[in-house]
Amino acid sequence: MARIRVIGGNQLNGSIPISGAKNAALPLMIASLLTEEPLVLNNVPRLADVSQLEKILANHGVDIAVHGRRALDEDDRGQRMTFTAAEIVDTCAPYELVSTMRASFWVIGPLLARMGEARVSLPGGCGIGTRPVDFYLQGLRALGAEIDIDEGYVVARAPKGGLIGNTFRSPGISVGATHVIMMAATLARGTTTIENAAMEPEVTNLAECLNAMGARISGIGTRTLVIEGVERLHGTEFDVIPDRIEAGTFAMAVAMTGGNVLLKGARPEHFSAAIDILRQTGVHLEAEEDGLRVVRNGNGLVSIDANIDTFPGFPTDLQAQFMTLMTRASGVSHIKETIFENRFMHVAELARFGADIRVEGQTATVTGVPELRGAQVMATDLRASVSLVIAGLAASGETIVSRIYHLDRGFERLEEKLSACGANVERIGVGYPD
Ligand code: EPZ
């Protein structure tokens, strides 16, 4: 298995192009199931999760074309891809495919809306929490679907004549449930209101794409989405938003090492809570015409508390990276994770660098230490794994991060982007046992 080797101590200087957002690209790709016409997506990142979803969609009969090179474009743009679901050949998403990527469960919404039926494997829990799908099922039932659980599969059937619009108040805020119910409601008869909807930028990106496909969604970017059902959707061409988690991650990397980096294409309004907190730690961040500039020169970092929350709060997908940053700040920081019940697995790995972190319940107390020392560490999930790379950038000596297949699910060309700014980081040992 490949590993990442980092020699710490170098500042980061230069510019980093921000890729298309994984968590926006995946639901947009799934939305292609709603129409027989082609959906063209620009700026799709080259990631393992995108390739995996291509396989899942192909299994349902979606024809997928990649225009231009799969390698990096000269202007750093992601892939331009066309998804054509002219005919859905299979409404079943099997365990073997869904179990490798939770977001593939989301096909249940479009399949049910367009075909009137879907049989989709329950995704099961994962490293960061149990992650049930009860809100999704309540929402689909509210639209008139009949739902059974059979041998680990959710079997959903729409009433004769299709799903029926209704008001659904989600018991909790869920990005995935909002994506699914919104997609399903676009083709329902009548009007659907989703109360307590997620308003993450990725939800907004999907809602705007659906409207470009002929859907009638209002309240976009608020807690209440109103969807007037239409008979059919059509094809369109649409851009995936830049990845706010990737941008926030690189901002924390620069904060960690010091330096001056322009995050090209980053949209500060998509992660303003994280930007505010970073500013309070002593990092200088400034929006520029083509992105966000991050500067830390000389000054030390101040410890700040962070409460993780749904958008517009501080995102859970930046929690591990922020905790890493706080290991080097002067003072004590309390970080409260409120979204997932088991998202502190990086704590034990950060301890291997000499970090001082205590966890009680959902709160981690991080006491800054004067230095981190390089170590051999193991990635436990996608965002935790990048936090270990960041720790390595600021640690003295050598760090080896193993199980980096987690990283490849969600960070495009991480080592390349960091090296271009002066980091000493490389991928080693392809084929080496994990
Ligand atoms: C999305 O997951 C993201 N994944 C996650 O990113 C992100 O951490 C999460 O939203 C929160 O922002 C993608 O977009 C592909 P949720 P999702 O439903 O939709 C509970 C990454 O690293 N819940 O908003 O699965 C749930 O257990 C990933 O890129 C229920 O109880 O998250 C969790 O505690 C990790 N019942 C909370 O809600 C339900 O039916 C929020 O989960 C649904 C959710």
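On a predicted model such as this, the values are computed, not experimentally measured, just so you know.

Quick notes on the overall build of the protein
Within the protein one finds 14 helices and 24 strands. Its C-alpha atoms give the protein a radius of gyration of 22 Å, within 12% of the compact-globule value 22 Å for 434 residues. With respect to the principal axes defined by its C-alpha atoms, the protein has extents near 65 × 45 × 45 Å. Here the protein holds 434 residues, and the buried ones make up 58% of them. Of the contacts made within the protein by residues no fewer than 6 positions apart, 75% connect residues no fewer than 24 positions apart. When the accessible surface of the protein is split by element, carbon and sulfur atoms take 48% of a total near 16,200 Å². A gap of 2 Å separates the mean positions of the 39 positive and 51 negative side-chain charges of the protein.

Comments concerning the packing of aromatic side chains
Counted under the stated rule, the structure contains two aromatic pairs. Ring geometry for Phe105 against Tyr136: centres 5.5 Å apart, planes inclined by 75°, an arrangement best described as edge-to-face. Taken together, the positions of Phe105 in the loop between helix H3 (95-98) and helix H4 (108-115) and Tyr136 in helix H5 (residues 134-142) put the pair 31 residues apart, joining distant regions of the chain. Pair check on accessibility: Phe105 and Tyr136 agree, each one buried. The cationic tip of Arg119 hangs over the ring face of Tyr153; the distance from NZ or CZ to the ring centre is 4.6 Å.

What to know about the layout of surface pockets
Computed from the structure, the second largest pocket encloses a volume of approximately 230 Å³. Taken together, 16 residues line the second largest pocket, and the ones lying closest to its centre are Met256, Thr257, Arg296, Arg328 and Ala394. Elements with a minimum of two residues in the lining of the second largest pocket: helix H8 (244-257) and helix H12 (382-394). Residues belonging to the lining of the second largest pocket are distributed by class as follows: six nonpolar, eight polar and two charged.

A look at the sheet that holds strand E19 (residues 332-336)
With mixed pairing, the four strands of this open sheet are ordered in space as E18-E19-E21-E20. Looking along the sheet, the strands with just one partner apiece sit at the ends: strand E18 (306-307) and strand E20 (356-360). Strand direction decides the pairing type here: E20 and strand E21 (residues 363-367), joined by five bridges, are antiparallel. Bridge assignment links Val359 to a residue of E21, and that residue is Ala364. Set on the sheet, helix H10 (residues 319-326) makes contact with E18, E19, E20 and E21; between it and E19 the angle comes to about 170°.

So, the sheet that holds strand E16 (residues 284-288)
The pairing of strands in a sheet comes from backbone hydrogen bonds and takes either a parallel or an antiparallel form. Here we have four strands laid out as an open sheet, ordered E2-E15-E17-E16, and mixed in their pairing. Where the open sheet ends on each side, the last strands, each with one partner, are strand E2 (12-17) and E16. The mean inter-strand angle of the sheet, taken between neighbouring strand axes irrespective of direction, is 15°. Relative to strand E15 (residues 259-264), E2 is paired through six bridges, and the arrangement is parallel. Across the sheet, the residue bridging to Ser15 is Leu262, located in E15. Lying over the sheet, H8 contacts E2, E15, E16 and strand E17 (291-296), oriented at roughly 170° with respect to E15.

What counts and what doesn't
Counting starts from 1 at the beginning of each chain's written sequence and moves along it residue by residue. The predicted origin of the model limits local features to residues at a pLDDT of at least 70 and limits the giving and counting of side-chain atom pairs to 80 or more, whereas totals for whole chains, interfaces and linings rest on all residues. The side-chain quantities take in all heavy atoms of the structure and omit both hydrogens and water. Working definition: helices are DSSP H or I runs of at least four residues, strands are E runs of at least two. Numbering for both runs from the N terminus. With the radius of gyration taken over C-alpha atoms, the globule rule is written as 2.2 Å times the number of residues to the power 0.38. Residue exposure (1.4 Å probe, protein chains only): buried if accessible area is under 20% of the type maximum, exposed if over 50%, otherwise partly exposed. The criterion used for residue contact is that any of the two residues' heavy atoms lie within 4.5 Å. Throughout, the Shrake-Rupley method with a 1.4 Å probe supplies accessible areas, and for residues the shown protein chains are the sole cover considered. Charge convention: Lys and Arg are scored as positive, Asp and Glu as negative, and His as well as the terminal groups of each chain are ignored. Charge positions are represented by NZ for Lys, CZ for Arg, CG for Asp and CD for Glu. Under the pairing criterion, centres of Phe, Tyr and Trp rings, with the six-membered ring standing for Trp, must be within 6.5 Å; the plane angle then separates stacked pairs below 30 degrees from edge-to-face pairs above 60, leaving the rest tilted. The criterion for a charge sitting over a ring is simple: Lys NZ or Arg CZ within 6 Å of the ring centre, and within 35 degrees of the ring normal. In the cavity and pocket records, a cavity denotes points on a 1 Å grid over the protein atoms alone where a 1.4 Å probe fits but cannot get out, a pocket denotes an open set with protein on both sides within 12 Å along at least 5 of 7 lines, and lining residues are residues with an atom within 4 Å of a point. Grid points are joined across faces, edges and corners, and a volume is the space filled by probe spheres set on the points. In this count, Pro and Cys sit with the nonpolar residues alongside Ala, Val, Leu, Ile, Met, Phe, Trp and Tyr, while Asp, Glu, Lys and Arg are called charged and the others, Gly among them, polar. Here, any two strands with at least 2 DSSP bridges between them count as paired. For helices, the fitted line uses only the C-alpha atoms of the stretch in contact; every axis is such a line through C-alpha atoms, and the angle between N-to-C directions lies from 0 to 180 degrees.

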